[in-house]
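Notes for the structure review
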Amino acid sequence: MDAKIEHVSVILPVSNEPIIVGNVSTRKSLKRHWNQLSRFQKNLACILLAGMCIFYIIFFVLPFIVPSRSTDTLDPMEHIQIAPFKERHERFASSMVKEIKLSDSLANPPTEEAKPAGQQPEANPMQLEIVQNEPKEIVDNEESVLEENRRVPFAGAKDFKGPTNDRQRAVVEAVQHSWKGYKEYAWGHDNLKPISMGYSDWFGLGLTLVDSLDTLYIMDLQDEFDEARTWIEKYLKFDVNREVNLFEVTIRVVGGLLSAYHLSGDRMFLDKAVDLGNRLLPCFDSPSGIPFSDVNIGSLAAHAPKWSPDSSTSEVTTIQLEFRDLSRSSENPIFEKVASRVNLKIHELDKNEGLVPIFINANTGQFRNFATISLGARADSYYEYLLKQWLQTGKKADDYLIEDYQQSIRGVLNQLVRTTPNEKHVYVGELLNGKDFKPKMDHLTCYLPGTLLLGYKNGMPKTHLRLATDLLETCYQTYMKQPTQLAPEISYFNVNGESETDIYVKTNDAHNLLRPEFIESLYYFYAITGNRTYQDMGWTIFEAFNRYTKVKNGYTSIGNVKNPLNTRPRDMMESFWLGETLKYFYLLFSDDRNEIDLDKYVFNSEAHPLPVREV
């Protein structure tokens, strides 16, 4: 029977002499210890030793022998991560470049103004002295990262000098006030709720940020533009499980990115637009070729709207400007091809003297029977894009587009135009069930005077000019006849004496959403005629917006334009306030009515200028 040997560990005082117990030395050589280990123990010890060596090399050796990326030769467009939420973006003009440093945070955007390093003379940014593309030392300060030099525009950028008069400066102040509230309470979200100091998300794509890009650029608000650009580059991602509307995302996001690309020359915006455009293409995979209204940009599954089997006619016919420009800019014909196919299918459908019902089915490719005919909601921009596509292509697009436009305006004149009995206001009504006239005009319809004048400038008949002038005056009166001097969402018109006034407003239609359509028309009238009367009309309305919709943290839509003492603020600042309304105000008040050359650019339905390109 084997004896059981027990080993006892005893901690003894340190001594210079070996300790002898029973004539056996307790000091063993390292080799003897190693030889006594099993194979498994030896392997385990080797693994642990190797791991310690690798750890030591990575964290204590490599930092001293691998050069810092900040001193390498850099790609001018490469993004460099300096520290958490701090970045440097390379900016260049042609092959030359200046570098700027930005402080960035999704939740807390930069608030400190960038300052030039040294005294820089005020001059055209494209004429500023520039330096060779050589690496510079990066100064990383956790509290603030300041620009060494002012932003130099990208190659191909259009130069804007900022406001030149008091009215323009007042608009810039409104933009900065709106931007400040958005940045503080809704940064990265779709819309600001300025009263409750929160936000509202529709698609979760930072709509206000993207919609505002060209507004900020045109107003020469460089710091705000750079803040928006940084967020878009870093946080605007489209590979997400998210349902979006084809029309709204096309005019706001695709249009906003493309316009920013053309004005600034920054290809990052084009790359983002192409990515989103590819994710919208499944909408066109329908039985008829008429696109579905909605798509999940993550799963790429497209479908009709949840509330109806039909799409709005304007939704499927107000994507062509953006998709054509996307193809021309990316040199990928697929976007223009699928959108142009929709044009042709709509052209081939039966219409009422060029007028279209407000609903269409993507499965059958047919208009809804007995649907309303209107130039307001759900149909308005169909007519606008017939003309603007023709202009976008240098008047060389398919002839049927401009022919359809001319026929539709004849239909408007013959079937929808009426005059009130007392004050002789000319307005455009609707046809219920495709035949019964209703004296109702949406504020959305007030885009039409500007579009008609733009058409007349490009060769349309004088009947278009007369209708444009009459409608502009009527739209102006929808503002002036309200105690707030702000227009309601919908106006009704006296036909046979049923109202004491020729223009009246129903309680449920008395809200104002900060819409741009009439300001858009005023801008076209000023830009095309040079008559400063239109500036004065716009200034009256701008002051009314300041008086009744400005709040501490931005601007808000209101529920009642009929009572200055009870406007019922609705706590919502839509993205088009910055993207359209304030942009059109700024251009309207410009001393240079050709600040955006209407022979070289065409505005999409969300006020994003896109270049004219011949076929």
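The numbers attached to residues start from 1 for each chain and follow its sequence in the written order. Side-chain atom pairs in this predicted model are given and counted only at pLDDT of 80 or more, local residue features only at pLDDT of at least 70, and totals for whole chains, interfaces and linings cover all residues. With hydrogens and water excluded, all non-hydrogen atoms of the structure serve as input to the side-chain values.

**Here's the deal with the overall build of the protein**
Scanning the protein from terminus to terminus reveals 17 helices and 23 strands. For every residue, the accessible area (1.4 Å probe, protein chains only) is compared with the maximum for its type, and the residue is labelled buried under 20%, exposed over 50%, or partly exposed between those bounds. Each of the 615 residues in the protein was classed as buried or not, and the buried ones make up 54%. Per-residue and other accessible areas were derived by the Shrake-Rupley procedure at a 1.4 Å probe size, with only the shown protein chains allowed to occlude residues. Working note: accessible area of the protein is about 28,400 Å², and carbon and sulfur atoms make up 51% of it. A run of DSSP states H or I qualifies as a helix once it reaches four residues; a run of E qualifies as a strand once it reaches two. Both are numbered from the N-terminal end.

**Structural notes on the packing of aromatic side chains**
Geometry of an aromatic ring pair is reported as the spacing of the ring centres plus the angle between the planes. The criterion for an aromatic pair is that two Phe, Tyr or Trp rings (for Trp, the six-membered ring) have centres within 6.5 Å, with stacked assigned to planes under 30 degrees apart, edge-to-face to planes over 60 apart and tilted to the rest. Inspection of every chain in the model, using the stated rule, returns 30 aromatic pairs. Relative to tyrosine 182, the ring of tryptophan 179 lies with its centre 5.9 Å away and its plane at 40°, an arrangement referred to as tilted. Note that tryptophan 179 and tyrosine 182 are positioned in helix H3 (residues 166–185) at a spacing of three residues, about one turn of the helix. With 5.9 Å between their ring centres and 25° between their planes, tyrosine 492 and tyrosine 504 make a pair best called stacked. One end of the pair, tyrosine 492, is in strand S18 (residues 490–493); the other, tyrosine 504, is in strand S19 (residues 503–504), and 12 residues separate them in sequence. With a relative accessible area of 21%, tyrosine 504 lands in the partly exposed category. Clustering of aromatic rings is evident, with ring pairs tying together Trp539, Phe542, Phe545, Tyr555, Trp577, Phe585 and Phe589. The positively charged end of arginine 368 is found above the aromatic ring belonging to phenylalanine 359, 4.0 Å away from the centroid. A ring is scored as having a charge over it whenever the NZ atom of a lysine or the CZ atom of an arginine sits within 6 Å of its centre and within 35 degrees of its normal.

**A closer look at the sheet that holds S18**
The pairing criterion for strands is at least two bridges between them, as found by DSSP. Ordered by their spatial adjacency, three strands build an open sheet running S17-S18-S19, and the pairing between neighbours is antiparallel. Either end of the sheet is taken by a strand with one partner, and the two such strands are strand S17 (440–442) and S19. As defined by bridge partners, S17 adjoins S18 across three bridges and the pair is classed as antiparallel. Directly across from aspartate 442, in S18, lies its bridge partner isoleucine 490.

**Points about the state of the cysteines**
What is meant by a disulfide is a covalent connection between two cysteines, made through their sulfur atoms. Only a pair of cysteine sulfur atoms within 2.5 Å qualifies as a disulfide here. Tallying each qualifying case throughout the model produces one disulfide. Between cysteine 446 and cysteine 475 runs a disulfide, and the two sulfur atoms are separated by 2.1 Å. Around the S-S axis, the bridge from cysteine 446 to cysteine 475 shows a dihedral of about -100° and counts as left-handed. On the criterion of sequence distance, the pair formed by cysteine 446 in the loop between S17 and helix H13 (448–457) and cysteine 475 in helix H14 (residues 462–480) is long-range, its members being 29 residues apart.

**What about the packing of helix H15 (residues 517–529) against helix H17 (residues 575–588)?**
Relative orientation of the contacting elements H15 and H17 amounts to 25°, with a least axis distance of 9 Å. Considering the angle they form, H15 stands roughly parallel to H17. Considering only the axes of H15 and H17, their crossing is left-handed. In this structure, H15 contributes Ile519, Glu520, Leu522, Tyr523 and Tyr526 to the contact, and H17 contributes Thr581, Tyr584, Phe585, Leu587 and Leu588. Residues of the contact of H15 with H17, tallied by class, amount to eight nonpolar, one polar and one charged. The angle between two axes is taken between their N-to-C directions and runs from 0 to 180 degrees, where each axis is a line fitted to C-alpha atoms and a helix contributes only its stretch in contact. Roughly parallel refers to an angle under 35 degrees, roughly antiparallel to one over 145, roughly perpendicular to one between 65 and 115, and oblique to any angle outside these ranges. Here a crossing is called left-handed whenever its near helix is offset anticlockwise from the far helix by less than a right angle, and right-handed whenever the offset is clockwise. Any two residues whose heavy atoms approach within 4.5 Å at even a single point are treated as in contact. Only Asp, Glu, Lys and Arg are considered charged, only Ala, Val, Leu, Ile, Met, Phe, Trp, Tyr, Cys and Pro nonpolar, and every remaining residue, Gly among them, polar.

**Quick notes on the layout of surface pockets**
Using only the protein atoms, space was sampled on a 1 Å grid; points where a 1.4 Å probe fits but cannot get out form cavities, open sets with protein on both sides within 12 Å along at least five of seven lines form pockets, and lining residues are those with an atom within 4 Å of a point. Grid points are joined across faces, edges and corners, and a volume is the space filled by probe spheres set on the points. Here the largest pocket defines a volume of roughly 990 Å³. Lining the largest pocket are 39 residues, with Trp202, Phe247, Glu248, Arg252 and Arg515 sitting closest to its centre. Elements that contribute at least two residues to the lining of the largest pocket include exactly strand S8 (243–245), helix H6 (246–264), helix H8 (313–317), helix H11 (380–392), H15 and H17. At four residues, the largest contribution of residues to the lining of the largest pocket is made by H6. The residue makeup of the lining of the largest pocket, split by class, is 14 nonpolar, eight polar and 17 charged.

**Digging into the pattern of salt bridges**
Between side chains of opposite charge, a pair can form when the charged atoms approach closely. Take a side-chain nitrogen of Lys or Arg and a carboxyl oxygen of Asp or Glu: if they are within 4 Å of each other, that pair is a salt bridge. For the structure shown, the criterion picks out 20 salt bridges. Arginine 229 is the salt-bridge partner of glutamate 233, the closest N and O atoms lying 3.2 Å from each other. Taken together, the residues glutamate 233 and arginine 229, both in helix H5 (residues 222–235) and four residues apart, mark about one turn of the helix. Here the two residues glutamate 233 and arginine 229 agree in accessibility, since each one is buried. Through salt bridges with shared partners, a single ionic network connects Arg229, Glu233 and Asp266.

**A word on the sheet that holds strand S10 (residues 302–303)**
Across the sheet, three strands lie side by side as S8-S9-S10; this open sheet has antiparallel pairing. Each edge of the open sheet is held by one strand with a lone partner, namely S8 and S10. Two elements, S8 and strand S9 (residues 294–296), share three bridges in a ladder whose sense is antiparallel. Each residue of the ladder has a partner; that of valine 244, found in S9, is valine 295.

**Some points on the side chain of arginine 515**
Mapped onto the fold, arginine 515 is located in the loop between S19 and H15. Residues adjacent in sequence count toward polar contacts only when both atoms are side-chain atoms; beyond that, a polar contact is any pair of N or O atoms within 3.5 Å, and within protein one must be able to donate a hydrogen and the other to accept it. Within the structure, the side chain of arginine 515 is placed 3.0 Å from the side chain of glutamate 489, a separation counted as a polar contact. Setting aside residues no more than four positions away along its own chain, arginine 515 makes contact with His443, Leu444, Tyr479, Glu489, Phe545, Phe576 and Thr581.

**Topic: the confidence of the model for the protein**
What pLDDT conveys is the predictor's confidence in a given residue, as a value from 0 to 100. The pLDDT averaged across the protein works out to 83; a share of 77% of its residues lies at or above 70. Confidence drops under pLDDT 50 across residues 1–28; counting only partners more than four residues distant or on other chains, this segment forms eight contacts.

**Structural notes on H6**
For a helix, the expected span equals 1.5 Å multiplied by the residue count minus one. With 19 residues, H6 should reach 27 Å at 1.5 Å per residue; the first-to-last C-alpha distance of 25 Å fits that figure. Along H6, the helix axis deviates most sharply at glycine 255, where the bend reaches about 30°. Where H6 begins, the side chain of asparagine 245 points an oxygen toward the backbone nitrogen of phenylalanine 247, at a separation of 3.1 Å. Backbone geometry just after H6 places glycine 265 at a positive phi near 80°. Note that the bend at a residue is defined as the angle between axes fitted to the seven residues ending at it and the seven residues starting at it.

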